[in-house]
Structure formats: structure tokens, C-alpha cells
Amino acid sequence: MTQPIALLTDFGVQDAYAGVMKGVICSINPDACIIDISHGVRPQDLLNGSYLLYTSFTFFPKGTIFCVVVDPGVGSKRAALCIKTRNYFFVGPDNGVLWSSVQLESVEKIIVLDNPKFFTPQMSNTFHGRDLFAPVCAHLSLGTEVSAMGTPVEQIRQLDFLAVETDGQGIKLRIVHTDHFGNLVLNLKTRDFLRLSLDYFSITVNKVRIDRMVSFYEEAPSGVPVLIPGSSGFMEVSLRSGSAASLCRSTTGEWALFSFKSKRLS
Amino acid sequence: MTQPIALLTDFGVQDAYAGVMKGVICSINPDACIIDISHGVRPQDLLNGSYLLYTSFTFFPKGTIFCVVVDPGVGSKRAALCIKTRNYFFVGPDNGVLWSSVQLESVEKIIVLDNPKFFTPQMSNTFHGRDLFAPVCAHLSLGTEVSAMGTPVEQIRQLDFLAVETDGQGIKLRIVHTDHFGNLVLNLKTRDFLRLSLDYFSITVNKVRIDRMVSFYEEAPSGVPVLIPGSSGFMEVSLRSGSAASLCRSTTGEWALFSFKSKRLS
Amino acid sequence: MTQPIALLTDFGVQDAYAGVMKGVICSINPDACIIDISHGVRPQDLLNGSYLLYTSFTFFPKGTIFCVVVDPGVGSKRAALCIKTRNYFFVGPDNGVLWSSVQLESVEKIIVLDNPKFFTPQMSNTFHGRDLFAPVCAHLSLGTEVSAMGTPVEQIRQLDFLAVETDGQGIKLRIVHTDHFGNLVLNLKTRDFLRLSLDYFSITVNKVRIDRMVSFYEEAPSGVPVLIPGSSGFMEVSLRSGSAASLCRSTTGEWALFSFKSKRLS
């Protein structure tokens, strides 16, 4: 097998956008191995895209080429990037969506993709997934050196989906993902939460208060939203046999207020 | 080609859950052939999952490894299974979702998957699709003997999506699937329905009465819901150029009352 | 790699219909390369299917076998077709959905698929995707001559998604697609629009007037719907950071009134 190309986009699955990217890739590398991570990033939501990439990429084989297209600035002057790390290639727009994941890796090269030889002949202003990112990934999967595709740079745009805010009442966490089951994923690492060794906590999402933690779904009482260590290493607000998102009438991008008393701090 | 791994889950396609399972599989077997049956099982609905597996698996090549993740009890004590039949491997939780399909096959081995050597190193309580079922399927596709992966057992949990109830007014059928076109699939086999040689029948779904059968969609009159032999061998309530589910304001899991007069019985 | 089989259907992704087609294909050709263009064609909408095929197929490798299943007449007397062109194979029902795309190609053979040797043994009246189109495509990918699969014909049913109407007030364009971002795609080619060299234009969609054009999304002012040259070569009504479809409360299949004053014509 050649190195897999893993796609993460906000294109959804009702359109042909993701399919056309695959057509472009197979036209360049007929033996390409293409894996869909998801096309369900919330439209144009860079934090959600960052979260999904961050919690997915380590499960892919070394050498995987990640093609990440969440790109509200397509057609403007934002650069297109390929970041080669010790284990992977990350390809996508320079809008921060790659930043958090790349922090976990040892970066070897950052290339601004500005060599039109590797783009499709008729370049659009609205679909660089098809015209730039897909062909670049296909050429990478054929073994083309990334240095040939553009200009080295030192810096990329930063965007930290782990960033929180504080106010007088506590820590304002961000809901960075709402999953298919209605679980609300917070930008609070399970590891960090457990380290606090809390006597007491509460999470308030849109006036709904959550102050109980369980360790798996069936342990939760019916009808009561709970906090649970999610499978991706982040704490989630969950409702057994129901949707926490519906119960809290909340979704990705909104805040969750986190208050607590810690054994260690008191 | 290696044996295909066919995925059937309730993960939906907006998240990265299915994508991450593919990453795990390809990390273990880079030449794996992965086919999505569907990730659209109704969340945590074992009857719907049973129906979709039952009506799909026979269309896959011999040797296919079915990875079925509909798993409300994940993290609790429910066992994880691999059932080897003459033609296939069925991998999934021991909650009944595999039962109906396995009845159609000649069972050779039932193994409780309890050998952590074949799991991912950091096992979560909430995502055995990624941490247990995906790696087990990948190892099976590499030719690992299923006996090495766990402990033989004799029995699995039963769940019969074909079960119906009767009351004074008729037979209570179950709506086991609502498809993309709004067709309501009943747990009534076409073969069984036709054998009844009925003079008269009626199906009542949420107060809407259906008493006419057609054999293909264009044969149906406009605006009138009909019964039609569906492509999967089950009778469906259908509405031409419309959604029977919307018309009946009904969906998967609900009952449909079936009354009839039979030539044979009268 | 064998020739890819590219699937375009209105089956959605919640059901197992597309998955079962893949099972059938892999049962016949274990080395088949299957690519999903999309399963999100609007149910039974031939114009939308035509548009999605027309704007996708040229991005696929030569030799690709397009399997197009938008088939409201399944089970009736409508014929099943395979059209071999210089570059591709187009397989689908004879209801016009293939017509616009085939006009761009040099046709070599049109075959009505009437040789049941290439169908599944138990043919349904409701799912020719599984029983006829999938096995035919699998056999084509194995190199079977299309002539062996049926009877040559000269004509196919026409359906022109580019057709417009005029009335006293202007040209009635059709919304042929609504994408995941809420962009409303009109059946007006960008090339044709630009050739008009307009002094002034307005597009009216459900009483919402659009009279400004931009060339990429970030160029658009907030809250104001604009016309933009879409990535597929057609003009789109778009709303920056929002959904034009929601703003206009409009969707695929509806009309958009196009009025203009042209430099050339005046």
C-alpha cells in the first residue's frame, strides 16, 4: 500500500465535493489509498476541525497524509500549507486548523504550497480542496518531495482549541464538538480534570447544571446529564439514552462554565 | 485482496468515529479492504442494527469480517464476541445485535474476545469500536486464528427482530427501519405475507390505514400509502413521490397493526 | 488498479443500500476500486442528479465506470443503460439522468442492459442498484465487453438540466443544487454569465433580490446574499458565513428570476 491520504473536511456528504477530490487524487495516483476521517466538521468551524484532527490523527499509520479542508478564506490571500513532521504530512489552509495537532509532533518542514505545477490547470477561487489540496496530496503519495511544491517558512497561524477564559465565577470552557449521540465535548482534557482531584465541581451549559461524573454510559442515571471521560481524552456532557445537546439546547462553539473546589488547592 | 472488513455502526458520519476505526485497522493491516455497510443505524437501536445486518450480509463475499458496533452497554460487563460461521466472521458486542443474522449461518466457533493482546494499548470505556472491535477485525484480516483471541462459549444473547405480538385486533408488527425515502419497513417477510394468500388486509400505522399492495413504486397511486414488497425481502409501507414516514408521522421502533382475512384460513 | 467504479445515487447514507451495492461489486470483482461521488442526490430528483454527474465526472480517471442510480421508475418498463464513450462508461436508468453528461463526450456505444446473465439471480422490482447496475459495473471492471450485456440502441431519453424558461420579466433559471453550505447553484454557466458583460443584473429567489457579484467568499459583505462563480462552473447565490438557502427560504428545484441590462445588447 502507498501512504494513505486521510480526508477531513466540512463538505458534508450530500454534495459531490469529497467525491470529486477522490477523483482528482485517483487521476494522479491510481493506487492511492483514501480514508475518510469525516466530512462532518461544522461548516467553516476551525475549532471543531482542530479538535477532530487532534483526536484522530494519532490513530493513523505513520506516513499518512492528512488533507484538511476547513477553509472559510478560500480564494483570499491565506496561504496553503504542507507541514512534514517526523510521522506525518499535514496539508491544509494556513488558518490555524492544523496548529494544535502539529504541536504534538516533531516538525521537520513547513512549506507554503505555491508551485502551480502541482495544482489543477483551471484553478477556482472557491474549491482549493479539489484544485490544490487534493492534487498536492496525490503527488505526495507518489513520493514527490514536499520541498519541490513550494517555499519553506518558519511560522504558521496559531489557533488553540484548548484555550479557555476565566471570569469571576469560574472557567469558561468551550464546547468543541457535538457528536452524533448528542454528547457535548468540552475542551477539558480528562487527564487535567482528574489531576485536579476535585471535592466538588459543576459544569453549567445554558443554565443546565451538571455536577456528577460517571465512567461509562450505562452507569449514568436516567434523565440526568452527567460528565463522562470521553473516548478522545476529553470530558463530555452526556445523557444516557438521550441527547445532552437537546437537553441543554446547546451546541458546538458555545461556552460551559466550570466551577470547582479542589482537595489540592483548599 | 484480503478478506474485506465491512463496518455497520450507529456512529453517523458527522463525527470521526468511523474514520478513526479505519485508521486503527490500516495501522495493523495496511492492505485492509474496508467497506462501509452503513453508519446510520438508529443510535443504540439493536433491532434496527439487527435488521440492517440481516438484510445486508449475504450480499458480501465469503470470508467477509462484519464489524458491528451498536453498543449501548459499552464499558459495562457485556462481552465482546467473534462468531465464525462457515462463510463469515461476525464481530460485535454480545447484546443480541448479531443473533438474527447468525441464525442463517452454520456456526463454527463463538469466541468471547478477552485477550487484551489484540486490543489497543489504552482501552477506553466508551469506544470499543476503536479500541477492541477494529483491531480484532484487522488481526482477523491478517489471518490470525480467532481462537487465539479469546475464550470459546456456547451461547450468545438472543434478540429476534422478527418477533411480533398479537392482541384481539390483529398482529402487532414492528417498524424495524425507516429508509431515506421515508419507506417504513415492517418485520414481515414478503414470502410469509404472500403465502397467506389474503382476500383482504389492512396495516394501521399511527391511525393511517394501508390496505392496498403494489409491486413497484410507479404502480402506486399518488397520495395514497401502499404496501410494497421491499428489496430486502420485507414488506414496506410506501408513498409514491413522498415519505410514508412523514404521512404516518411514524418511525422505526413503533408498532403497525396488521389485520387480514385469508383465503386459506376462511 | 482496475478501472474505478464511481457511485452516484440518491440512497443517502443512513441505509445500507450503498453498502450492499459495494458488497455485490466486491463479490464479483474482489479487486474493485469503488469511489463514492455522493449518495446525496435529492431523492428521485433527475435534474439534481444530472447536475452532480455533469460537474463531477471529468475529474475522474479515464476508464472510470459511473454507476448512477436515481431511479423513480425502477421496476417499470424504463430501460437500463450502459453508454460507452471515448473516455468513460455511464451506467444507469434511461430516464435522462445521464443525458447532459454524455453530451460532453464522444459516444461509442449505447447498450440496453437486457442480458439477465449479468444480473443478480433474484431480481427485485425496487432495487436495481443492487440487482442490475452494481453487477453490470463489476463485470465491466473485470473487462467484460459491454456488447455482451445487452442490445445496441441509438437513442436515449433526453433531459437537459440547463434548460431555462423566459417570461415577460426575464429568464427563469432553475436552482439545480443546494450545497451543504446553503449555496444555491443556478443552471447558469459562469462562462455564459460573464460573456453577457452586464451593466446590471438581478436574480430574484423567492422575493429575495441579489444584485451584487463577488469572486470569492470572503469578498462578500456580511448579511447580504451575493452571486459568486461557483467551483463547478455555475453561478451560485451565496451568503458569507451563512446559508443563502435559509435566507431565501428556497431550495433545489425552485426557480430564480434573472433580469439584466447588457453592454453588448444595449
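Just so you know, these numbers come straight off a predicted model, no measurement behind them.

**Description of the packing of helix H1 (residues 17–28) of chain B against helix H4 (residues 128–141) of chain B**
Residue and element names in this part refer to chain B.
- In the contact formed by H1 and H4, the axes pass within 9 Å of each other and the chain directions differ by 40°. Relative to H4, the element H1 lies oblique. As H1 runs across H4, the sense of the crossing is right-handed. Each of Val20, Met21, Val24, Ile25 and Ile28 in H1 lies in contact with H4, whose residues at this interface are Gly129, Arg130, Ala134, Pro135, Ala138 and His139.

**Comments concerning the interface of chain A and chain C**
- Opposite the 29 residues of chain A that make contact, chain C presents 31 residues.
- Around 2,400 Å² of area is buried between chain A and chain C when both sides are counted, 58% of it from carbon and sulfur atoms.
- Contact with chain C buries surface across chain A, with Gln14(A), Tyr17(A) and Thr126(A) losing the most and accounting together for 22% of the total.
- On the surface where chain A and chain C come into contact, there are 0 salt bridges.
- Sorting elements by how many residues they give to the side of chain A that touches chain C places helix H1 (residues 17–28) of chain A first, with 8 residues.
- Here the residues of the side of chain A that touches chain C sort into 12 nonpolar, 12 polar and 5 charged.

**Things to note about the relation of the copies chain A and chain C**
- With an RMSD of 0.0 Å, the operation that places chain A on chain C is a rotation of 120° combined with a shift of 0.0 Å along the axis. As the rotation angle and translation indicate, the two copies are arranged about a three-fold axis. Among all residues of chain A, the one whose C-alpha sits closest to the rotation axis is Val13(A), at a distance of 4.8 Å.
- Of all interface residues in chain A, a mere 3% are interface residues in chain C too; the two copies therefore contact each other through different surfaces.

**Digging into the relation of the copies chain A and chain B**
- With an RMSD of 0.0 Å, chain A superimposes on chain B once it is rotated by 120° and translated 0.0 Å along the axis.
- Of the residues that chain A buries at the interface, just 3% are likewise interface residues in chain B, meaning the two copies contact each other through different surfaces.

**Remarks on the interface of chain A and chain B**
- The interface of chain A with chain B comprises 31 residues on the first partner and 29 residues on the second.
- Taken together, chain A and chain B are joined by 0 salt bridges.
- Across the chain A-chain B interface, the total number found is 12 residue pairs in polar contact (both at pLDDT 80 or more).
- Counting only elements with at least two residues in the side of chain A that touches chain B, the list comes to strand E2 (33–38), strand E9 (170–178) and strand E13 (226–229) of chain A.
- Take the side of chain A that touches chain B: its biggest share by element is 4 residues, from E2(A).
- Residues of the side of chain A that touches chain B, tallied by class, amount to 14 nonpolar, 13 polar and 4 charged.

**Regarding the pattern of salt bridges**
- Applying the stated rule across the entire model yields 24 salt bridges over all chains.
- Between Asp131(B) and Arg130(B) there is a salt bridge, with its nearest N and O atoms 2.7 Å apart.
- On the basis of relative accessible area, Asp131(B) is assigned to the buried category, the value being 0%.
- For Lys22(C), the salt bridge identified is with Asp36(C), shortest N-O distance 2.8 Å.

**Focus: the domain arrangement of chain A**
Residues and elements named next belong to chain A.
- Once the domains are mapped, chain A shows domain 1 (4–152) and domain 2 (165–262).
- Using only C-alpha atoms to locate each centre, domain 1 and domain 2 end up separated by 31 Å.
- Domain 1 puts 8 residues into the contact, and the matching count from domain 2 is 9 residues.
- Surface buried jointly by domain 1 and domain 2 totals about 760 Å² across both partners, of which 62% is contributed by carbon and sulfur atoms.
- At the boundary of domain 1 with domain 2, the tally comes to 0 salt bridges.

**Structural notes on the sheet that holds strand E6 (residues 107–113) of chain A**
Residue and element names in this part refer to chain A.
- Here 7 strands make up an open sheet; going across it, the order is E2-E1-E3-E5-E4-E6-E7 and the pairing mixed. Because the sheet does not close on itself, it has two edges, and the strands there are E2 and strand E7 (150–152). Neighbour-to-neighbour, the strand axes of this sheet turn through a mean angle of 25°, independent of strand direction.
- With 5 bridges joining them, strand E1 (residues 4–9) and E2 adopt parallel strand pairing. Across the sheet, residue Leu8 finds its bridge partner in E2, namely Ser38.
- Its contacts with the sheet place H1 against E1, E2 and strand E3 (65–69), and it is angled at close to 160° to E1.

What counts, and where the lines are drawn
Residues numbered from 1 in each chain as written. Chains lettered and ligands numbered in written order. Predicted model: local features only at pLDDT ≥ 70, side-chain atom pairs only at ≥ 80, totals over all residues. Heavy atoms only, no water. Axes fitted to C-alpha atoms, helices over the stretch in contact; angles between N-to-C directions. Helix = DSSP H or I, 4+ residues; strand = E, 2+ residues; numbered from the N terminus. Parallel < 35°, antiparallel > 145°, perpendicular 65-115°, else oblique. Left-handed = near helix turned anticlockwise from the far one by under 90°. Contact = heavy atoms within 4.5 Å. Buried area = accessible area lost by both parts, 1.4 Å probe. Salt bridge = Lys/Arg side-chain N within 4 Å of Asp/Glu carboxyl O. Nonpolar A, V, L, I, M, F, W, Y, C, P; charged D, E, K, R; others polar. Least-squares fit on C-alpha atoms with pLDDT ≥ 70 in both. Polar contact = N/O pair within 3.5 Å; in protein donor to acceptor, adjacent residues only side chain to side chain. Buried < 20%, exposed > 50% of the residue type's maximum accessible area, 1.4 Å probe, protein only. Domains from an automatic or database assignment. Pairing = 2+ DSSP bridges.

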